[in-house]
Amino acid sequence: MNSSSYLLHSTCPSCGAEIGIHSATAVTAVCGYCHSVLLINQNKLVQSGRHSAVLNDLSPLQIGTSGVWQGKPFTLIGRMQINYDAGSWNEWHALMHDGSSAWLSEANDRFVFTRLQPALPDLHALPEFSGLKIGKTFFKYQKRGYAVADIRNIQRGQYAAEGELPISLPKSETAQVADCRNGTSFITLDYSDGKTQPQVFAGKGVALESLHLQNTRTPEQIRNRAGHVKGNAKRGKCPNCGGEIRWVSGVADYVVCQYCRSQLDMGEETAQLHATGEMRQHQEHFLTIKIGSRARIGNESWWVLGAMVLYEVPVNKVMPDVPLYIQVAERAETDIETLGWTEYLLYSPKKGFLWLLELENNQWALASSLDDWPTLNRPLEPIDFRKDEIPFLYDYAAHVLYAVGAFYWQVAPGNSMYYVDYGCEQRKLSTTLTQNEQSWSAVSNIPASLVAAWFKDNKNISIKAKPLPDDKAVKIFREHQSIKAKDFTISNIRKWRLKTSLKLITNIRTPDFWMALFIVLNFPIFFMIFVGGLVNYDFGITPLIFHFITYGLLVKIPYREWGIFESTDSAKKYNLYLAALIVIIFTWCNYAVFNYQSNSVNSSHGGYYYYGSGGRWHK
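Reading the values: the criteria
- Residues numbered from 1 in each chain as written.
- Predicted model: local features only at pLDDT ≥ 70, side-chain atom pairs only at ≥ 80, totals over all residues.
- Heavy atoms only, no water.
- Helix = DSSP H or I, 4+ residues; strand = E, 2+ residues; numbered from the N terminus.
- Buried < 20%, exposed > 50% of the residue type's maximum accessible area, 1.4 Å probe, protein only.
- Contact = heavy atoms within 4.5 Å.
- Areas by Shrake-Rupley, 256 points an atom, 1.4 Å probe, with all protein chains shown as cover.
- Polar contact = N/O pair within 3.5 Å; in protein donor to acceptor, adjacent residues only side chain to side chain.
- Lys, Arg positive; Asp, Glu negative; His and termini not counted.
- Salt bridge = Lys/Arg side-chain N within 4 Å of Asp/Glu carboxyl O.
- Patch = residues over 30% accessible without salt bridge, like charges linked within 9 Å, V, L, I, M, F, W, Y side chains within 5 Å.
- Arc of directions from axis to C-beta.
- Expected span 1.5 Å × (residues − 1).
- Disulfide = S-S within 2.5 Å.
- Axes fitted to C-alpha atoms, helices over the stretch in contact; angles between N-to-C directions.
- Parallel < 35°, antiparallel > 145°, perpendicular 65-115°, else oblique.
- Left-handed = near helix turned anticlockwise from the far one by under 90°.
- Nonpolar A, V, L, I, M, F, W, Y, C, P; charged D, E, K, R; others polar.
- Core = buried A, V, L, I, M, F, W, Y, C linked by side-chain atoms within 4.5 Å.
- Charge placed at Lys NZ, Arg CZ, Asp CG, Glu CD.
- Pairing = 2+ DSSP bridges.

Draft legend 1. Quick peek at the overall build of the protein chain. In terms of helices and strands, the protein chain carries 9 helices and 34 strands. A total of 619 residues make up the protein chain; the buried ones form 46% of that total. Here the contacts in the protein chain between residues at least 6 apart in sequence split such that 57% fall between residues at least 24 apart. Counting only carbon and sulfur atoms, one obtains 52% of the accessible surface of the protein chain, whose full area is about 32300 Å².

What follows is the structure in structure tokens.
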């Protein structure tokens, strides 16, 4: 932008610096030199008596950044920054080519483009702020249903601004805002003016690459202003215990000390104590992957920023009033709090965030947050493009046992989440709910050999699997990254199930392989019983009993830890020798009983049979 594009050219009444106004709808301007908040009144700049300066963050955006949204050029001419206890976010004022205004919201490396919508004539068309509930509220706006994705009720917020705004900079420290989604549609409901009906901003989530941005901040510009470049690995000392902490600058605002579990707020270069945690024994849970480790995924480096250890708890402890249309999975009450898993937060400066989940028995999964939600019939009822319900798998709840490392939101022991999974075991469409937020993710089961391939250059990390070749590792990761909410259709889920079944049957280290082998070896017995009929084979039920016993043993016994294996890793893997022994023993038992029964029948009837029309063996 240059001076020829100014609609109003004046000087700051506070310091005398030159100020140019670009937008005809501008109400507020902030002097770039003395940070005075100025009011635009009848083509004059008037002092408001306030000063405002935005924090030195590490956003790639700046005043003057230009781009294209929905085929229309725009330029960023102002920013409002809201800071509160749980974090901060930026609202960039975009001046469109036709002179209208839009907003580019920036929070946690996620971006949403919205525009203010006309007020609805119906005074009761939208719910009141007090009535908004995560996972329950579902309302219609312009004939489309919306679920609440995020509720922010901020009582101690601090507002700062730069450039030009089409609104007055709020004086109040209260903000009541809710983001709502359904499929690719996004709206923000702003109740901050105290009215029953909110202002509505509608738009869509965007990736910065899709906006074709120009005049963004370079790494050098960011370094000169903020002191360090976004994505750099940083080290420091915990102000509580003095232990070394690591974080990635400009990515994670909160760090949990791995030694004393203190919660820290990260400044540009130093850590400030947010809350002191009690010292815990490091042996509470051994992390397979160390914080700060680097994974090589394709041609990109990913940093392990943090890890959360969670344990499962009864759903009614977290979500006491689960909606009736959710088929709550039945579980054994005694087993609930013994189940646990670890979630590692990975970050790439170019690709963003990724969750790596470590489950029991060396099982792993990947989870990626979805910018576009699935189409919803209700808050917890996703449907595909044919309006068929996506199959429900199970729901469960979890508490955070403890967390170490860095995160882009505040996390503390005792935090609770409620999960609902849909789709199939190999690929899940999963939603996570807290009191103030709901998000959707794509989850893919991955082999341990893939994780081993990513961390094969880290000598302090041992994944009990042979690393996959690089080409196969890249292929699996790209398949996961390409999965979107719209891909969870009934037909795709059937394909994924079939593919998973084939993999299990052909994998010698799964119970499914050995069960399939047991069925093949015992097929002659089942065939003879089918042809001859159960009437002439009193033991006919026995093969079925052996079938279920064999499957139960194959699922449990080869994973058991035996005393003779305590000094080795054998007990932690699927023991092929035990599986083979189980199949051999019960196959022998089946044929032994069959031969005994056959000999008994032959002896009692002279050994001569023919097949009659009645479907039975006759003498």
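Next comes the rest of the account.
Draft legend 2. Spotlight on the side chain of Thr-188. Structurally, the position occupied by Thr-188 is in strand S15 (residues 185-190). Residue class for Thr-188 comes out buried when judged on its relative accessible area of 13%. In this structure the side chain of Thr-188 is engaged in a polar contact, spanning 2.8 Å, whose partner is the side chain of Asp-179.

Draft legend 3. Spatial organisation of the side chain of Glu-164. One can find Glu-164 in strand S13 (residues 158-165). For the buried Glu-164, which has no salt bridge, the nearest side chain bearing the opposite charge is Arg-79, at an N-O separation of 14 Å. Beyond its immediate sequence surroundings of up to four residues, Glu-164 is in contact with Gly-20, Ile-21, His-22, Ser-23, Ala-26, Thr-28, Ile-77, Gly-78 and His-93.

Draft legend 4. Molecular detail of a nonpolar patch on the surface. Where nonpolar side chains cluster on the molecular surface, the patch consists of Ile-541, Leu-544, Ile-545, Phe-548 and Ile-549 and spans about 480 Å² of accessible area. Within the fold, Ile-549 resides in helix H8 (residues 541-556).

Draft legend 5. Examining helix H6 (residues 511-521) more closely. When we look at burial in H6, the residues that qualify are Pro-511, Trp-514, Met-515 and Phe-518. Projected down its long axis, H6 carries its buried residues within an arc of 100°, all on one side.

Draft legend 6. Expanded view of helix H4 (residues 470-482). Helix length check: H4 (13 residues) gives 18 Å between terminal C-alpha atoms against 18 Å at 1.5 Å per residue, within 8%. Buried residues of H4: Ala-473, Phe-477 and His-480, and no others. The buried side chains of H4 occupy one side of the element, clustering within an arc of 55° when seen end-on. Along H4, exposed side chains directed more than 90 degrees from the buried face belong to Asp-471, Lys-475 and Arg-478.

Draft legend 7. Region of interest: the environment of Tyr-408. With respect to the helices and strands, Tyr-408 occurs in the loop between strand S29 (392-407) and strand S30 (416-423). Considering only alpha carbons, one finds Tyr-408 and Ala-107, 301 residues apart in sequence, at a separation of 9.6 Å.

Draft legend 8. Geometry of the state of the cysteines. As enumerated under the stated definition, the model contains 0 disulfides in all. Cys-12 takes part in no disulfide bond, and the closest cysteine sulfur, belonging to Cys-34, lies 3.7 Å away. Under the relative-accessibility criterion, Cys-12 is labelled buried at 3%.

Draft legend 9. Up close: the packing of H6 against H8. Relative to each other, H6 and H8 sit at 155°, their axes nearing to 9 Å. In terms of their interaxial angle, H6 and H8 are classed as roughly antiparallel. Read as a crossing pair, H6 and H8 show a hand that is right-handed. Residue-level inspection shows Pro-511, Trp-514, Met-515, Phe-518 and Ile-519 of H6 in contact with H8, the latter providing Phe-546, His-547, Thr-550, Tyr-551, Leu-554 and Val-555. Looking at the contact of H6 with H8, its residues break down into 9 nonpolar, 2 polar and no charged.

Draft legend 10. Representation of the packing of helix H5 (residues 490-506) against H6. Contact geometry for H5 and H6: axes closest at 6 Å, N-to-C directions at 75°. What the angle tells us is that H5 and H6 run roughly perpendicular. Facing H5, whose interface residues are Leu-504, Ile-505 and Thr-506, H6 presents Asp-512, Phe-513 and Ala-516. Taken together, the residues of the contact of H5 with H6 break down into 4 nonpolar, 1 polar and 1 charged.

Draft legend 11. Looking closely at unusual backbone geometry. Non-glycine residue Gln-142 carries a positive phi angle of around 50°. Assignment of secondary structure puts Gln-142 in the loop between strand S11 (138-141) and strand S12 (144-154). The residue Asn-362 is not glycine, and still its phi comes out positive at about 60°. You can call Asn-362 partly exposed: its relative accessible area is 31%.

Draft legend 12. A look at the nonpolar core. If you look at the biggest cluster of nonpolar residues, it comprises 41 residues, and the most contacted ones within it are Phe-139, Ile-187, Leu-189 and Tyr-418. A per-element tally of this core places S12 first, with 5 residues. Once residues within four sequence positions are removed from consideration, Ile-187 is found in contact with Phe-139, Tyr-141, Tyr-146, Ala-178, Asp-179, Cys-180, Val-200, Phe-201 and Ala-202. One finds Ala-453, Trp-454, Ile-461 and Ile-463 within the second-largest nonpolar core, a separate group that totals 30 residues.

Draft legend 13. Main features of a positive patch on the surface. A contiguous patch of positive charge on the surface is contributed by Lys-472, Lys-475, Lys-499 and Lys-503. When contributions to the positive patch are tallied by element, the ones reaching two or more residues are H4 and H5. Tracing the backbone shows Lys-475 in helix H4.

Draft legend 14. Region of interest: the pairing of strand S7 (residues 72-84). Counting buried positions along S7 gives 10 out of 13 residues, so the element sits mostly inside the fold. Across 4 bridges, the pairing between strand S6 (residues 66-69) and S7 is antiparallel. By the bridge assignment, Trp-69 is partnered in S7 with Lys-72. In this structure, the hairpin formed by S6 and S7 is closed by a connection of 2 residues, where Gln-70 is found at a positive phi of approximately 55°. By the bridge criterion, 6 bridges tie S7 to S13 in an arrangement that is antiparallel. Looking across to S13, one finds that Ile-82 is bridged to Tyr-159.

As far as function goes, none of this settles anything; it's purely spatial.
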